[in-house]
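Reading the structure
Below are the chains, spelled out letter by letter.
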Amino acid sequence: MSTITLIIDGYRKIFSGPNALLKNICLFAITGLISVISIYFESFKTAKNMPTDMTTFFFALLGMIILGVYICGYTYEFMHKAFNDSEEELLPDFDMAPVGTFFKALPLVIVWMIYLGLIMGVMGITIAAVPFIGIIFAIVFLCLAVFLTFVFVAYCENFETRGLYNIALPFKFILPTIGQVALLGLLFIPVGILSLVPSFIAGFIFGLTGYADTNIPAWIGGLLGGYFGCLAQFVWYYCLVQVYKEKIKPKMDEQY
């Protein structure tokens, strides 16, 4: 399957199935809440002051954490379903399963955050002391960060972490996948731009109707941008799962 066909197939499967409409409405609601809370926090950054209503601030922060945990676990569930070639309804059910999936993956997430943090620390010290070697560390960090996603793709196949704590693992994924990942990255530039179009259109329309000086265009743009941006991210992960299945999984199966 060509890379462009993969992207189209990902979007098609997101909107396929008898429950697709309801699931997309639920996804829109969750991403919308995340966008609204993000805009709320951004207002403090713009105004350069702290909130006066600390109760609202606390519940907004708590809500962001809960929604972040849920959407992260839901993404793992999504990638798990993407492994099934016969699955035509990619969006998982909106139940409590993503919460359990997130916490099951948390040790793996923490370990890899530690790995990245250590490399960043060594990189910073080395750049200050020996710039040339520091650049090498920067390249290593970049490769690790880009191909680290495949570690979590591998985890999502069966929600097992065996063999996934190996810090050298992402580097093993580079040669088999770098060409297709690079092509995907280039193709997702226009996909990302198109994902922002509904937000710009909505903002433009509300601007013409006399709401340009209000927060309404920002709220509407945030709601639409969050939803369509999430869809683009899901399709990106769907494509990475297919790349993993073709280029990496056979070798992983041989190893384990």
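Here the residue index of a chain counts from 1 through its sequence in written order. Only residues with pLDDT of at least 70 are given local features in this predicted model, and only at 80 or more are side-chain atom pairs given and counted; all residues enter the totals for whole chains, interfaces and linings. By convention in this description, side-chain values take in all heavy atoms of the structure and omit both hydrogens and water.

Here's the deal with the pattern of salt bridges
Rules: Salt bridges are defined as contacts in which a side-chain nitrogen from Lys or Arg sits within 4 Å of a carboxyl oxygen from Asp or Glu. Put simply, DSSP marks the helices as runs of H or I at least four residues long and the strands as runs of E at least two long, and each gets a number from the N terminus on. Burial classes follow relative accessibility: with a 1.4 Å probe on protein chains only, a residue under 20% of its type's maximum area counts as buried, one over 50% as exposed, and anything between as partly exposed.
Following the criterion strictly, the structure yields 9 salt bridges and no others. For Asp85, the salt bridge identified is with Lys245, shortest N-O distance 2.3 Å. One end of the pair, Asp85, is in the loop between helix 3 (54–82) and helix 4 (97–129); the other, Lys245, is in helix 9 (residues 216–255), with 160 residues separating them in the sequence. Assessed through its relative accessible area of 17%, Lys245 is described here as buried. Glu157 serves as the salt-bridge partner of Lys249, at 2.6 Å between the closest nitrogen and oxygen. Of the two residues, Lys249 is situated in helix 9 and Glu157 in helix 6 (residues 149–158); the sequence distance between them amounts to 92 residues. Judged by its relative accessible area of 16%, Glu157 falls in the buried class.

Section: the side chain of Lys23
Here is the rule: Here a polar contact means two N or O atoms within 3.5 Å. Within protein one must be a hydrogen donor candidate and the other an acceptor candidate, and residues neighboring in sequence count only if both atoms are side-chain atoms. Throughout, a contact is declared for two residues whenever any of their heavy atoms are within 4.5 Å.
Inspection of the secondary structure assignment puts Lys23 in helix 2 (residues 20–47). Only 3.3 Å separates the side chain of Lys23 from the side chain of Glu89, close enough to count as a polar contact. Setting aside anything within four residues of it in sequence, one finds Lys23 in contact with Lys81, Glu89, Leu91, Pro92, Asp93 and Phe94.

Details of unusual backbone geometry
One non-glycine residue with positive phi stands out, namely Phe159, at about 55 degrees. Relative to the helices and strands, Phe159 is located in the loop between helix 6 and helix 7 (169–172). Among the residues examined, Phe159 registers a relative accessible area of 14% and is labelled buried.

Quick word on the packing of aromatic side chains
Pairs of aromatic rings are described using the distance from one ring centre to the other and the angle between the two planes. Where we set the bar: Whether two aromatic rings pair depends on their centres lying within 6.5 Å, for rings of Phe, Tyr and Trp, where Trp uses its six-membered ring; planes under 30 degrees apart make the pair stacked, over 60 edge-to-face, and the rest tilted.
Tallying each qualifying case throughout the model produces 17 aromatic pairs. Taken together, a centroid distance of 5.2 Å and an interplanar angle of 85 degrees make the contact between Phe102 and Phe103 edge-to-face. An angle of 70 degrees between the planes, with centres 5.0 Å apart, marks the rings of Tyr227 and Phe228 as edge-to-face. For Tyr227, a relative accessible area of 8% gives the class buried. Members of the aromatic cluster, joined through ring pairs, are Tyr70, Tyr74, Phe78, Phe94 and Phe234.

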